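Residue-level structural notes
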Amino acid sequence: EAGVAQSPRYKIIEKRQSVAFWCNPISGHATLYWYQQILGQGPKLLIQFQNNGVVDDSQLPKDRFSAERLKGVDSTLKIQPAKLEDSAVYLCASSFPGKGPRSYNEQFFGPGTRLTVL
Amino acid sequence: AQTVTQSQPEMSVQEAETVTLSCTYDTSESDYYLFWYKQPPSRQMILVIRQEAYKQQNATENRFSVNFQKAAKSFSLKISDSQLGDAAMYFCAYRRLNFENEKLTFGTGTRLTIIP
């Protein structure tokens, strides 16, 4: 079974430029997550989708970050304009949808996109 | 808000020896999940072990086991018979139980080095 795919793996841009990351989740996984992992820190959730609807985007800097999952499958995360502090690894993860309040479905992570903002 | 703390930025262990990584967390919930994830260099994060807070028995997965102390809000990972392939960043993570597909809250990680 193919895992979570992300591209590009690495990206270097100048500050104030725009950048986009792509994620293709595991087939059948309705839930998709974007995490930001700054060097020396643990991953932090930016946005969570259930199919093509947003479940949680409370920590997404909406003045510069945007994300979409138009057909409920793959997703794009965009930063416009980028700042130095956006340098991080952007991780995409996916899981099957839950089936009740005590349900658990493992989150599977992609390899990440390492962004460097100069 | 829930927080997860890993106070050991780096640990090292001799190959074949045992090492314990520490994690503490803070929550007002009584029911939740705790996890240990492994992130090898330039490779993707994978789940090592999971613990449900309502289960008193500590989880084990082959050479990996946890010591879950609910009252102390402590969740340590023990790796027995350490192997070179165990070298990685290890993250402790928390998830609320009573919500479907709830987000993970991670600690800052512990870098584990295996000495041959």
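Residues numbered from 1 in each chain as written. Chains lettered and ligands numbered in written order. Predicted model: local features only at pLDDT ≥ 70, side-chain atom pairs only at ≥ 80, totals over all residues. Heavy atoms only, no water.

Some points on the interface of chain A and chain B
Of the residues lining the interface, 31 residues belong to chain A; the matching set on chain B comes to 24 residues. Buried area between chain A and chain B, both sides added, is near 2100 Å², and the carbon and sulfur share of it is 44%. Put simply, chain A and chain B have zero salt bridges between them. The tally of links between chain A and chain B comes to four residue pairs in polar contact (both at pLDDT 80 or more). Listed by contribution, the elements that provide at least two residues to the side of chain A that touches chain B are strand S4 (31-37), strand S5 (44-50) and strand S9 (88-95) of chain A. For the side of chain A that touches chain B, the leading source of residues is S4 of chain A, giving four residues. (Contact = heavy atoms within 4.5 Å. Buried area = accessible area lost by both parts, 1.4 Å probe. Salt bridge = Lys/Arg side-chain N within 4 Å of Asp/Glu carboxyl O. Polar contact = N/O pair within 3.5 Å; in protein donor to acceptor, adjacent residues only side chain to side chain. Helix = DSSP H or I, 4+ residues; strand = E, 2+ residues; numbered from the N terminus.)

A word on the pairing of strand S8 (residues 64-69) of chain B
All names here are of chain B. Strand direction decides the pairing type here: strand S7 (residues 60-61) and S8, joined by two bridges, are antiparallel. Bridging across to S8, Glu 61 finds its partner in Phe 64. As judged from the six bridges shared by S8 and strand S9 (residues 74-79), these two strands associate in the antiparallel manner. Following the sheet pairing, Val 66 is matched in S9 by Leu 77. (Pairing = 2+ DSSP bridges.)

Digging into unusual backbone geometry
Following Ser 7 of chain A, the chain continues into Pro 8 of chain A via a peptide bond in cis, with omega recorded as -10 degrees. As for its position among the elements, Pro 8 of chain A is in the loop between strand S1 (5-7) and strand S2 (10-13). The linkage connecting Gln 80 of chain A with the following residue, Pro 81 of chain A, adopts the cis geometry, with an omega of -5 degrees. Secondary-structure assignment places Pro 81 of chain A in the loop between strand S8 (75-79) and S9. Its identity is not glycine, yet Ala 16 of chain B carries a phi of approximately 80 degrees, on the positive side.

Side note on the side chain of Ser 95 of chain A
Residue and element names in this part refer to chain A. For Ser 95, the position within the fold is in strand S9. The buried category is assigned to Ser 95, whose relative accessible area is 0%. Here Tyr 33 takes part through its side chain, which lies 3.4 Å from a polar atom of the side chain of Ser 95. (Buried < 20%, exposed > 50% of the residue type's maximum accessible area, 1.4 Å probe, protein only.)

Re the sheet that holds strand S7 (residues 65-68) of chain A
All names here are of chain A. Spatially, four strands are ordered S1-S3-S8-S7 in an open sheet, and the strand pairing comes out antiparallel. Only two strands of the sheet have a single partner each, and these edge strands are S1 and S7. This sheet shows a mean twist of 15 degrees between the axes of neighbouring strands, independent of strand direction. Relative to strand S3 (residues 19-24), S1 runs antiparallel, the two sharing three bridges. (Axes fitted to C-alpha atoms, helices over the stretch in contact; angles between N-to-C directions.)

Concerning the nonpolar core
Tyr 25, Trp 36, Phe 75, Leu 77 and Tyr 90 of chain B are the most contacted members of the largest nonpolar core, which has 25 residues in total. Taken together, the elements giving at least two residues each to this core come down to strand S3 (19-21), strand S5 (32-39), strand S6 (46-52), S8, S9, strand S10 (88-96) and strand S12 (110-115) of chain B. For this core, the element with the most residues is S10 of chain B, which contributes four residues. Each residue touching Tyr 25 of chain B, except ones within four places of it in the same chain, is listed here: Thr 3, Val 4, Tyr 32, Leu 34, Phe 68, Gln 69, Lys 70, Lys 73, Ser 74, Phe 75 and Tyr 94 of chain B. Of all hydrophobic cores here, the second largest spans 21 residues; its members include Ile 26, Ala 88, Tyr 90 and Leu 115 of chain A. (Core = buried A, V, L, I, M, F, W, Y, C linked by side-chain atoms within 4.5 Å.)

Section: the state of the cysteines
Going through the model one piece at a time under the given rule, you end up with two disulfides over all chains. Residue pairing for Cys 23 of chain A: its cysteine sulfur links by disulfide to Cys 92 of chain A, the two sulfurs lying 1.9 Å apart. Where Cys 23 of chain A bonds to Cys 92 of chain A through sulfur, the torsion about that S-S bond is close to -70 degrees, and the disulfide is left-handed. Of the two residues, Cys 23 of chain A sits in strand S3 while Cys 92 of chain A sits in strand S9, which places them 69 residues apart along the sequence. Each member of the pair, Cys 23 of chain A as well as Cys 92 of chain A, is classed as buried. Residue Cys 23 of chain B pairs covalently with Cys 92 of chain B via a disulfide, S to S 2.0 Å. The S-S bond linking Cys 23 of chain B to Cys 92 of chain B shows a torsion near -70 degrees; that makes this disulfide left-handed. A residue pair is termed long-range when its members are at least 10 positions apart, and Cys 23 of chain B in the loop between S3 and strand S4 (24-26) and Cys 92 of chain B in strand S10 qualify at 69 residues. (Disulfide = S-S within 2.5 Å.)

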